[in-house]
Amino acid sequence: HAEMVAFDRLRQEDKALGRGDMRDVEVFVTVEPCIMCASALGQLRAARVVFGCRNTVFGGCGTVLSLLECKEGVLDNEAITLLR
């Protein structure tokens, strides 16, 4: 759930700057966000989510449930290699 750790840090910084949402934040992750993270990213209004390989067990961007529109397959072979 690294997406949530990163967003928590960004939210803390944004609160200090007086901003309220993440509409201009693009999230790049190795694996498709899980259902929980995809839902949270949608609620936080992330501008875009890009991932390498699908999460065939818990994917929340269309593989298991479609909770968030994401760009998939970016450097997918490299992402799979990192996970091995």
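The structure this text deals with has already been given above.
In what follows, the accompanying structure is described. (Residues numbered from 1 in each chain as written. Predicted model: local features only at pLDDT ≥ 70, side-chain atom pairs only at ≥ 80, totals over all residues. Heavy atoms only, no water.)

1. Brief notes about the state of the cysteines
What is meant by a disulfide is a covalent connection between two cysteines, made through their sulfur atoms.
So, step 1. The tally for this structure, following the rule as stated, stands at one disulfide.
So, step 2. Here cysteine 34 is not cross-linked by a disulfide; its sulfur's nearest cysteine counterpart is in cysteine 37, at 3.7 Å.
So, step 3. Of the residues examined, cysteine 34 reaches a relative accessible area of 14% and is grouped as buried. (Disulfide = S-S within 2.5 Å. Buried < 20%, exposed > 50% of the residue type's maximum accessible area, 1.4 Å probe, protein only.)

2. Thoughts on helix H2 (residues 35–43)
So, step 1. When we look at burial in H2, the residues that qualify are Cys37, Ala38, Ala40 and Leu41. Burial along H2 is one-sided: seen end-on, the buried residues are contained in an arc of 165°. (Helix = DSSP H or I, 4+ residues; strand = E, 2+ residues; numbered from the N terminus. Arc of directions from axis to C-beta.)

3. Considering the pattern of salt bridges
So, step 1. With the rule as written, the count across this model stands at two salt bridges.
So, step 2. For the salt bridge of glutamate 26 with arginine 48, the shortest nitrogen-to-oxygen distance reads 3.6 Å. Of the two residues, glutamate 26 is situated in strand E1 (residues 26–31) and arginine 48 in strand E2 (residues 48–53); the sequence distance between them amounts to 22 residues.
So, step 3. On the basis of relative accessibility, which here comes to 45%, the residue glutamate 26 falls in the partly exposed class. (Salt bridge = Lys/Arg side-chain N within 4 Å of Asp/Glu carboxyl O.)

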